[in-house]
Amino acid sequence: MNKGFKLAAAVLCATVLGACGKGGADGQAAKNEAITVGFSQVGAESEWRTANTRSVKEALAAPEFNLKFSDAQQKQENQIKALRSFIAQGVDVIAFSPVVESGWETVLREAKAANIPVVLTDRGVDVSDDSLFVTLIGSDFVEEGRRAARWLIDDSKDSTGPVRIVELQGTVGSAPAIDRMAGFKEVIGQDPRFSIVRSQSGDFTRAKGKEVMEAFLKAEGRDGIDVLFAHNDDMAIGAIQAIEEAGLKPGEDIRIVSIDGVRGAFEAMKAGKLNATVECNPLLGQQLAQIIRDVHAGRPVPKRVVVEEGVFTREQAATELPNRKY
Ligand code: GZL
């Protein structure tokens, strides 16, 4: 049903029959229809993403929503195709987690021309006109990078250095990879004991994280690396396998700090193989659902909604593991 007819039906319903269905000042009741949401997800590359997808699907399974979900398999062209399909279907709201920051201007202008509001979740976009999206709900990735560096500096207080760091970056061009690297370097750069000797993308996956760590070990030698900074836990877990296969002790011979706080990271910390993980909360579903309700009802929403998060070390892992929700 196109939006113009829906609005007319809604006005008629509200005028002739009073509030159709449940009461409510926001006019939603008058429509007495589900909010059709087109959601384009990055992919299924990590434990974090799996938990994020579960959270979004659970929240938008409520009867007030009609969810159309698309998995882009980490390809921007698949996300753009999905957004264009949502526009053609005339969905009420588009929500998506952009796999990379750039290349969205054209399709977001098409959504704007179709009067379909766009909500960004998890990752941001780099556009010249921020009216092309209503809001971004997600973590502060720069702060996550700073927190990883602060943990490392604190954990190195008895070391005179040099501390040689290798860095497993996330997906090239993605907001978390760009911002986590920036935050980490901003803090580490203030202490001359630390240097990043190698840095390469592992695309946020375990398999690639292992492959790149093998290359780092080959290039730097068994004694050439003191610390691994991984932009997510999945790459750190892959790297742990490579470190063990090289006959070294992860968490001891090479200290490891990563980001996400997924269950696999707590299990690795409990085993002493990972030293710390910076939480990046994927459970955005309920907040997203409320933002969609507000946007659809024409209520104002903040341009940026930041998710609160913490830092967890291996000393806390055993007690915290039972509390983890993802
Ligand atoms: C961060 C999210 C990142 C996670 C990775 O909000 O975009 O993508 O850190 C995931 O695990 O693949």
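Residues numbered from 1 in each chain as written. Predicted model: local features only at pLDDT ≥ 70, side-chain atom pairs only at ≥ 80, totals over all residues. Heavy atoms only, no water.

**Student:** Any details on the site of the ligand? Residues and values, ideally.
**Tutor:** The environment of the ligand is made up of 13 residues, and the closest members are Glu 45, Asp 122, Arg 123, Arg 180 and Asp 260. Look at the ligand: alone it shows 320 Å² of surface, and the protein chains cover 100% of it. Of all the elements in the fold, those that place two or more residues in the shell around the ligand are α3 (47–59) and α7 (175–188). Both domain 1 (34–138 + 282–308) and domain 2 (141–280) contribute no fewer than three residues apiece to the shell around the ligand. (Near = heavy atom within 4 Å. Areas by Shrake-Rupley, 256 points an atom, 1.4 Å probe, with all protein chains shown as cover. Helix = DSSP H or I, 4+ residues; strand = E, 2+ residues; numbered from the N terminus. Domains from an automatic or database assignment.)

**Student:** Account for the sheet that holds strand β5 (residues 135–138), naming residues and giving values.
**Tutor:** Strand order in the open sheet formed by six strands is β2-β1-β3-β4-β5-β11, with parallel pairing between adjacent strands. One side of each edge strand has no neighbouring strand; the edge strands of this open sheet are β2 (65–71) and β11 (304–306). In this sheet, adjacent strand axes meet at a mean angle of 20° when their direction is disregarded. Inspection of the sheet shows strand β1 (residues 35–41) paired to strand β3 (residues 93–96) by four bridges, in the parallel sense. Bridge assignment links Gly 38 to a residue of β3, and that residue is Ile 94. Each of β1, β2, β3, β4 (118–121), β5 and β11 touches helix α11 (residues 285–296); the most contacted strand, β1, lies at about 135° to it. (Pairing = 2+ DSSP bridges. Axes fitted to C-alpha atoms, helices over the stretch in contact; angles between N-to-C directions. Contact = heavy atoms within 4.5 Å.)

**Student:** Go over the domain arrangement of the chain, please, and point to the residues and values.
**Tutor:** What the domain assignment lists for the chain is domain 1 (34–138 + 282–308) and domain 2 (141–280). Relative placement of domain 1 and domain 2: their C-alpha centres are 30 Å apart. Contacts between the two partners involve 12 residues from domain 1, matched on the other side by 20 residues from domain 2. Summed over both partners, the interface of domain 1 with domain 2 buries about 1200 Å², with 50% contributed by carbon and sulfur atoms. Among the residues domain 1 hides against domain 2, the three largest losses belong to Glu 47, Trp 48 and Glu 101. Together they make up 43% of the total. (Buried area = accessible area lost by both parts, 1.4 Å probe.)

**Student:** A description of helix α8 (residues 206–220) should follow, citing residues and the corresponding values.
**Tutor:** Between the first and last C-alpha of α8 there are 21 Å, a value that for 15 residues agrees with the 21 Å anticipated at 1.5 Å per step. For α8, the complete set of buried residues consists of Gly 209, Val 212, Met 213, Phe 216 and Leu 217. Across the axial projection of α8, the buried residues extend over an arc of 145°, all falling on one side. Seen from the buried face of α8, the exposed residues on the opposite side, beyond 90 degrees, are Ala 207 and Lys 218. Summarising the contacts, the buried residues of α8 are in contact with β6 (163–169), β7 (194–201), β8 (227–230) and α9 (233–245). Between a side-chain oxygen at the N-terminus of α8 and the backbone nitrogen of Lys 208 the separation is 3.1 Å; the capping residue is Thr 205. Positioned one or two residues after α8, Gly 221 has a phi angle of 85°, which is positive. (Expected span 1.5 Å × (residues − 1). Buried < 20%, exposed > 50% of the residue type's maximum accessible area, 1.4 Å probe, protein only. Arc of directions from axis to C-beta. Polar contact = N/O pair within 3.5 Å; in protein donor to acceptor, adjacent residues only side chain to side chain.)

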